[in-house]
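# Notes for the structure review
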Amino acid sequence: MKGIKSRLVLYFGMILLLIVLLLEGLFYWAVHTYYFGTATEALETRSTTFTNFINKYATGYRLKDKARYILENISSQEYAKIEVLDLNGKVILNSYGFQTGELIQTSDVTDAIRGQKGLFVGRSPQSRERVIAISNPLTFASEYVGVLRYTISAEPLYQAVNRIALYGLSVGAGVVLLAFALSLLMAKRIVDPIEELTNAAKQMAEGNFTARAPKRYDDEVGTLADTFNYMAAEIGKNEKLKNDFISSVSHELRTPLTSIKGWGETLISGGLEEPEETMLGLEVISKETDRLIGLVEELLDFSKFQSGEMKLSRERMDLREILDDMHVQFAIRSQEKQIDFQLDLPASPLIVMGDPNRLKQVFVNLLDNAFKFTPKGGTICVAATASEDRLTVTVTDSGEGIHPNDLPHVTEKFFKGTSKLSGSGLGLAICKEIIQLHTGRFLVSSEQGRGTSIMVDLPLAPPLAGLAGSASTVERTE
Amino acid sequence: MKKAWLLSAAFCAALLSGCGLTDTPNELMRAPSADGDQKSINQAVMQFLPAGSQLAVPLHPAEASAVSLQDLNGDGAPEVVAFYKSDKTDYEIGVLVLTQKQGNWQKLTSFTGIGNELDYVSFNDLTGDHIPEMLIGLGGGDGLNKELSVFSIADDKTQELMKQSYSVMAVGDLNGDQQPELALVMHDHTNFTSKAELFGAKDGKITKLTEIALDGYVNGYEQAIIGKASPTRNALFIESGVGAHSSATDLLLWENGELRNPLAKVEGEMDLTFKAYSLYSEDINGDGIIEVGTMIQPLGTEDMAMAEIPWISSYFQWDGKTGLKHVEDHYQNFAQGIDLKIPDKWRDKYSLATLPSSNSFTMRFFYYGENGKNKAELLTLQSVPQTEWSKFENGLKQKQVPYVLLKEEGKQVLIAILPQAAPNLGKSAMQEYRAMQLTADEIRQLYKPLSIP
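About the criteria used
Residues numbered from 1 in each chain as written. Chains lettered and ligands numbered in written order. Predicted model: local features only at pLDDT ≥ 70, side-chain atom pairs only at ≥ 80, totals over all residues. Helix = DSSP H or I, 4+ residues; strand = E, 2+ residues; numbered from the N terminus. Contact = placed C-beta atoms within 7 Å. Buried ≥ 20, exposed ≤ 12 C-beta atoms within 10 Å, placed from the backbone. Nonpolar A, V, L, I, M, F, W, Y, C, P; charged D, E, K, R; others polar. pLDDT = per-residue confidence, 0-100. Pairing = 2+ DSSP bridges. Axes fitted to C-alpha atoms, helices over the stretch in contact; angles between N-to-C directions. Expected span 1.5 Å × (residues − 1). Bend = angle between axes of the 7 residues up to and from the residue. Core = buried A, V, L, I, M, F, W, Y, C linked by C-beta atoms within 7 Å. Parallel < 35°, antiparallel > 145°, perpendicular 65-115°, else oblique. Left-handed = near helix turned anticlockwise from the far one by under 90°.

### Here's the deal with the overall build of chain A
- Scanning chain A from N- to C-terminus turns up 10 helices and 12 strands.
- Within chain A, contacts between residues at least 6 apart in sequence are counted, and of these 62% link residues at least 24 apart.

### Let's talk about the overall build of chain B
- Per the secondary structure count, chain B includes five helices and 27 strands.
- Relative to its 453 residues, chain B shows a buried fraction of 35%.
- A separation of at least 24 residues holds for 46% of the contacts in chain B among residues at least 6 apart in sequence.

### Thoughts on the interface of chain A and chain B
- Chain A puts 52 residues into the contact, and the matching count from chain B is 44 residues.
- Of all the elements in the fold, those that place two or more residues in the side of chain A that touches chain B are helix H1 (4-57), helix H2 (63-73), strand S2 (91-94), strand S5 (143-153) and helix H4 (155-205) of chain A.
- Sorting elements by how many residues they give to the side of chain A that touches chain B places H1 of chain A first, with 11 residues.
- Looking at the side of chain A that touches chain B residue by residue, the classes come out as 28 nonpolar, 15 polar and nine charged.

### Examining the confidence of the model for chain B
Residue and element names in this part refer to chain B.
- Confidence in the prediction for chain B averages 85 pLDDT; 93% of positions are at 70 or higher.
- Averaged pLDDT values for the elements of chain B fall to 56 in helix H1 (residues 4-16) and rise to 92 in strand S19 (residues 312-318).
- Here the prediction assigns the complex a pTM of 0.64, and the interface score ipTM is 0.74.

### With respect to the environment of Thr 33 of chain A
Residue and element names in this part refer to chain A.
- Its place among the elements puts Thr 33 in helix H1.
- Thr 33 gets classed as partly exposed once you count the C-beta atoms within 10 Å, which come to 15.
- Along the backbone, Thr 33 and Val 161 are 128 residues apart, and their C-alpha atoms lie at a distance of 9.5 Å.

### Some words on the confidence of the model for chain A
Residue and element names in this part refer to chain A.
- Summarising the model, chain A shows a mean pLDDT of 83, and 93% of its residues fall at 70 or more.
- Averaged over each element, pLDDT in chain A is lowest for helix H10 (residues 467-477) (41) and highest for strand S3 (residues 118-123) (90).
- Long-range and interchain partners of residues 467-478, a stretch whose pLDDT sits below 50, account for two contacts in this model, where long-range means more than four residues apart.

### So, the sheet that holds strand S11 (residues 441-447) of chain A
Residue and element names in this part refer to chain A.
- Read across the open sheet, the five strands follow the order S7-S9-S10-S12-S11; overall the sheet is mixed. Of all strands in the sheet, those with a lone pairing partner are strand S7 (340-344) and S11, marking the two edges. This sheet shows a mean twist of 10 degrees between the axes of neighbouring strands, independent of strand direction.
- In the sheet, strand S9 (residues 379-386) pairs with strand S10 (residues 390-397) via seven bridges, with the strands oriented antiparallel. Bridged to Val 382 within S10 is Val 395.

### Describing H4 of chain A
Residues and elements named next belong to chain A.
- The end-to-end C-alpha separation of H4 is 70 Å, in line with the 75 Å expected for 51 residues at 1.5 Å each.
- The principal kink in H4, of about 30 degrees, is found at Val 191, preceding the proline Pro 193 by one to four residues.
- Of all the residues in H4, the buried ones are Pro 156, Leu 157, Ala 160, Val 161, Ile 164, Ala 165, Gly 168, Pro 193, Leu 197 and Met 204.
- Of the residues one or two after H4, Gly 207 is the one with positive phi, at around 105 degrees.

### What about the pairing of S9 of chain A?
Residues and elements named next belong to chain A.
- Relative to S9, S7 runs parallel, the two sharing five bridges. Paired with Asp 344 across the two strands is Ala 383, which belongs to S9.
- Where S9 hands over to S10, the hairpin turn is made up of three residues, counted between the paired strands.

### As for the nonpolar core
- Within the largest apolar cluster, 117 residues are counted, with the highest numbers of intra-cluster contacts made by Ala 82, Phe 83, Met 169, Ala 183, Val 185, Ala 224 and Leu 236 of chain B.
- It is H1 of chain A that provides the largest number of residues to this core, a total of nine residues.
- The contacts of Phe 83 of chain B, once residues within four sequence positions are left out, are Leu 55, Ala 56, Pro 58, Ala 66, Ile 93, Gly 94, Val 95, Leu 118 and Val 121 of chain B.

### Topic: the packing of H4 of chain A against helix H5 (residues 220-270) of chain A
All names here are of chain A.
- At their nearest, the axes of H4 and H5 sit 10 Å apart, and the two run at 10 degrees to each other. Between H4 and H5, the angle is such that the two are roughly parallel. Residues Pro 193, Ile 194, Leu 197, Ala 200, Ala 201 and Met 204 of H4 form the contact with H5, whose own contacting residues are Val 221, Leu 224, Ala 225, Phe 228 and Ala 232.
- The class makeup of the residues in the contact of H4 with H5 is 11 nonpolar, no polar and no charged.

### Details of the packing of H1 of chain A against H4 of chain A
Residues and elements named next belong to chain A.
- Contact geometry for H1 and H4: axes closest at 8 Å, N-to-C directions at 160 degrees. With respect to H4, the axis of H1 lies roughly antiparallel. For H1 against H4, the interelement crossing comes out right-handed.
- Broken down by class, the residue content of the contact of H1 with H4 amounts to 27 nonpolar, five polar and three charged.

### What about the environment of Pro 349 of chain A?
All names here are of chain A.
- Structurally, Pro 349 is set in the loop between S7 and strand S8 (351-354).
- Put simply, Pro 349 and Glu 321 are 28 residues apart on the chain and 9.0 Å apart in space, counted from C-alpha to C-alpha.
- Not counting residues up to four positions away in its chain, the partners in contact with Pro 349 are Asp 318 and Arg 320.

### Examining unusual backbone geometry
- At the junction of His 60 of chain B and Pro 61 of chain B, the peptide bond is cis and its omega measures out at -15 degrees in the coordinates.
- Tracing the sequence through the fold places Pro 61 of chain B in the loop between strand S1 (54-55) and strand S2 (67-70).
- Despite not being glycine, Thr 439 of chain A has its phi angle at roughly 55 degrees, a positive value.
- Relative to the helices and strands, Thr 439 of chain A is located in the loop between helix H9 (427-437) and S11.
- Looking at Thr 439 of chain A, the number of C-beta atoms within 10 Å reads 10, which means it is exposed.
- At Gln 400 of chain B, a residue that is not glycine, the phi angle is positive and equals roughly 55 degrees.

### Some remarks on the pairing of strand S8 (residues 146-154) of chain B
All names here are of chain B.
- Burial analysis of S8 places seven of its nine residues in the buried class, the great majority of the element.
- Pairing of strand S7 (residues 133-139) with S8, which is carried by six bridges, proceeds in the antiparallel orientation. The residue bridging Leu 135 from the neighbouring strand is Val 150, located in S8.

### Notes on the sheet that holds strand S1 (residues 81-85) of chain A
Residues and elements named next belong to chain A.
- An order of S2-S1-S5-S4-S3 is seen for the five strands of this open sheet, with the pairing classed as antiparallel. Across the chains shown, the open sheet's two edge strands, defined by having one partner strand only, are S2 and S3. With direction set aside, neighbouring strand axes in the sheet form an average angle of 25 degrees.
- With 10 bridges joining them, strand S4 (residues 130-140) and S5 adopt antiparallel strand pairing. Bridge pairing links Ala 133 to Thr 151 in S5.
- Packing against the sheet, H1 makes contact with S3, S4 and S5, and its axis sits at approximately 20 degrees to S4.

As structure tokens, this is what we get:
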């Protein structure tokens, strides 16, 4: 699986491998430099000192005499091989007492023949053994007469360096392995919550909204899990709301349909013989049909809001007219329920840019609610006030009020509270949407047992400069 | 100091890895193992040497060494022969012979001889049994006589076959029997007698084959070699010192069981081989035949003091009768390490002189026509200190002086400068001069470095 885990392990491992290799290289270089540098330095010191000594005190002008002198003066502890070479690179004598006569032409010898100190690190051309050789010129009077060459084997040094490098390499390998294990562990800690989240999401997708993603750590993934759980809770809530809505709407739809059906059957069986009864039945059928229509209208409105298709046809209007209409429209209902219905309007017009039908719908709804929840003998008051650029309409009733727990939810869709009264639960939600479309505010305040007060706050239309101005404005807006 | 962190890094690594550092670099320094044989032989020799002894290197011949491998008992496996000097006495030279038994070197025999220098060591079959004997010449020091001993090894025992004093000696096939003979030259200072003796194999024993009396009034003998005197004949060449600094060469041939000097000796005249300074016989032209050197004086130096004359070494071969024939001439300078062969076309028409104005070595070779009336530069050898060379070279290049670089290495750079302008000479002299001029390639071929023997 090309998952985060494998990628993480791979990247992490690669970075560490790179670092370890780099450090290993550096380490090898350091050890190599130390070993070879020290050995070369030691050899060089010995060789140069001895050469200076020979050049100073081995007075024989013949190379062979010098060679003899050198052989006789070599320390018995000398570990290097010492050779005396003539200017052709031929070995006159080595420290083992042999005159091999072999020709040596490595760079150190050619340097020494030219009078410089020569250093050679590499494979001996004869034996293919890796050696370190240092050659110094032997002088007589003003001329170079031969070469004194010190040679040691570089193989033990290489062995030592390689052994140490191998130690280093095994440590490096251990580090890399450890890093792999650690990165696996780390990847597991990162990936596991994600996998659990994925599983939870899968369950949710399958419809199990009670599934919850466990929050392991307080990190990004933890926050995601929280958000996810929140989302699941919301979806669950919506799901419940939807189910509630369907059951309540079905119920709402069934009640009028039942009475329509009942009356219809009564009328059929009665054979329309009793005109009074027939009349009553038809009235009920008509009223119930109105209720159904209202219900369906609300649902339609709601679906318009949902899909964002709700359009206002705004015009310059006086809100007082609508409120007056309301007063007239609910006058009969207030008399029937013996509710004191008051209207308190200012003398000056309340001009707003609004959709009269929609605003009327809002107030009908609000007043309908008020009448619904206000008991006999109660008071309902509609008051409008205008400030500089806003107007406020307050609908206050002395009804049963709203439970504080329900108060934040009353404007939510399908929220019906604990009331047993009929309704789709969409009324206030739609009202709020409409007012918000008018760039107004919709506030509900309530005190249980004392009554509810709903405040609608709308912006006042800017005053017109004159009729001509208004006409031109209209023209322009068109 | 700068390596301190390297050390600490290495140390830390060693600690981290859980293993102690095995060895410090200095402990790891070993001689190359490729010469394991030589090394083990050396160790074996050192083990058997008396405490405080040191290896001794023979003076002659040049290729002899302190330790050598030689099958001395004819068993097919080489024995190790080592020479040493003990620190107890300066007048004793030791010989140690080791043989290989079951892979280990074991002492076969050892003995000492009286002497303070190891003059000569070689391994030759003088008895004719195809097993080489040890020829060991011990000396008492400069100018003193030496003594040669010949040893053979049989049944793990050394046997001294002969013992004889000598001044100089040579080993080689003189009588053409493909067997080496031993020539000893002895000079008796007190009685003013000298003789050369020849030893060879006869019936499996070393026998004196012949002897010849030589001039007893020489200062001493310096070198003897056996080599070809002609393509078919071998001879013994003996160098003797005569007079203040002069020398002469005796050429001895094997004829009818005797030694004979074929060169004519005219009463009252110098020997043919006489030379003002010593010059040893050698095969100078690489044709396999030994040339006898003499010294000749360059033209026009008759008035100069002996020491100031730039002598020319002139080499001759035996002509097969009573005389010598000229082979070639060389300008040889040991101090400068120069050997310039004189081209044949220069012969009798050139001379040479140092340039007095210069403080470094300069030797000018010039055309010398009509007894010195016509002179023109042919070639100038000049050595320049290495430190001044690049400056000098720039100067040459700026002045567009034609030169040949003969030796770049060493403390002195040697160049040959060719003449730049045409000399002012008469027509015939000019023709002669033109014919003698050398090209750069010719100069390079004529030059060779001369090393101190």
